Amino acid sequence: MPERSIRRQARGLKRMAEILDAAELVVAEVGYTELTTNQVAARAGISPGSLYQFFRNKEEILDGLVKRYTDDRQEFWAARLAAVSPDVPLETLVERLVDESVAFKTASPAYWSLLYGTATGDRLAAASQQLHEAIAGHIAALLRRRTPGLPEERALLTGTMALAMVKAVMPMITTATQERAAELVAELRLMLVRYLS
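Residues numbered from 1 in each chain as written. Predicted model: local features only at pLDDT ≥ 70, side-chain atom pairs only at ≥ 80, totals over all residues. Heavy atoms only, no water.

A few words now on the packing of helix H4 (residues 58-82) against helix H5 (residues 90-107). For the pair H4 and H5, the least separation of the axes is 13 Å and the interaxial angle reads 160 degrees. With respect to H5, the element H4 is oriented roughly antiparallel. Two packed elements cross with a definite hand, and for H4 against H5 that hand is right-handed. Note on element contacts: H5 touches H4 through Leu97, Glu100 and Phe104, opposite Asp72, Arg73, Phe76, Trp77 and Arg80. Taken together, the residues that form the contact of H4 with H5 break down as 4 nonpolar, no polar and 4 charged. (Axes fitted to C-alpha atoms, helices over the stretch in contact; angles between N-to-C directions. Helix = DSSP H or I, 4+ residues; strand = E, 2+ residues; numbered from the N terminus. Parallel < 35°, antiparallel > 145°, perpendicular 65-115°, else oblique. Left-handed = near helix turned anticlockwise from the far one by under 90°. Contact = heavy atoms within 4.5 Å. Nonpolar A, V, L, I, M, F, W, Y, C, P; charged D, E, K, R; others polar.)

So this is what it looks like as structure tokens:
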């Protein structure tokens, strides 16, 4: 491939990433249902016409965000899974995962808005379901690696329930004072350890 094409392709990928970064900020502020391509273009510092060269509408932006989050979380879970063995104490494992989830929430508020938000619509519901299923599957794989004899169906059910617990508590953590958030994180860890024991 000629060098000029490679540079052009790299610039295009960089611009797409910048648009998705801007979309994340808009989703975090107003939610997906209220997001407009004009808002995203303005936040990215480009014209709507330039945005349309990469994303034709807000649904394509959603697809881009879901792919970004799915790829990022795949890497996250692959790294965590590689570090898990039966000798890792459950308390240590839960503490790491909860703390990293809270840190990720701070760094990527649009992810949580899309995954746990109350927005309606078949497309958003399908995207949310896709992310939920992927995370539950990763938790199930982590549990089976830690407890090799655990049946796959049981691991998936347990992973789904553990995710539901985090999903229920995370909004309370993110809206609480720092002191209260720390208490809620501690309770979430305790709840997960007791459930997973």
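Before going further, it helps to examine the packing of helix H8 (residues 152-175) against helix H9 (residues 178-196). Close contact between H8 and H9 brings their axes to 10 Å; oriented N to C, the two are set at 165 degrees. Regarding the angle of H8 to H9, the classification is roughly antiparallel. Note that H8 runs across H9; the crossing there is right-handed. Listed contacts from H9 to Arg154, Leu157, Thr158, Met161, Ala162, Met165, Val166, Val169, Met172 and Ile173 of H8 are Ala181, Leu184, Val185, Leu188, Met191, Leu192, Tyr195 and Leu196.

Turning next to the confidence of the model for the chain. The predicted model of the chain averages 86 in pLDDT, with 91% of residues at 70 or higher. Averaged pLDDT values for the elements of the chain fall to 71 in helix H6 (residues 109-116) and rise to 97 in helix H2 (residues 37-44). (pLDDT = per-residue confidence, 0-100.)

This part covers the nonpolar core. Counting 54 residues, the largest nonpolar core has Val40, Leu51, Ile61, Leu65, Ile173 and Leu192 as the members making the most contacts within it. Of all the secondary-structure elements, those providing two or more residues to this core are helix H1 (3-30), H2, H4, H5, H6, helix H7 (122-146), H8 and H9. Here the element with the most residues in this core is H8; it accounts for 8 residues. Beyond its immediate stretch of four places on either side in the chain, Leu192 contacts Val94, Val98, Ala162, Met165 and Val166. (Core = buried A, V, L, I, M, F, W, Y, C linked by side-chain atoms within 4.5 Å. Buried < 20%, exposed > 50% of the residue type's maximum accessible area, 1.4 Å probe, protein only.)

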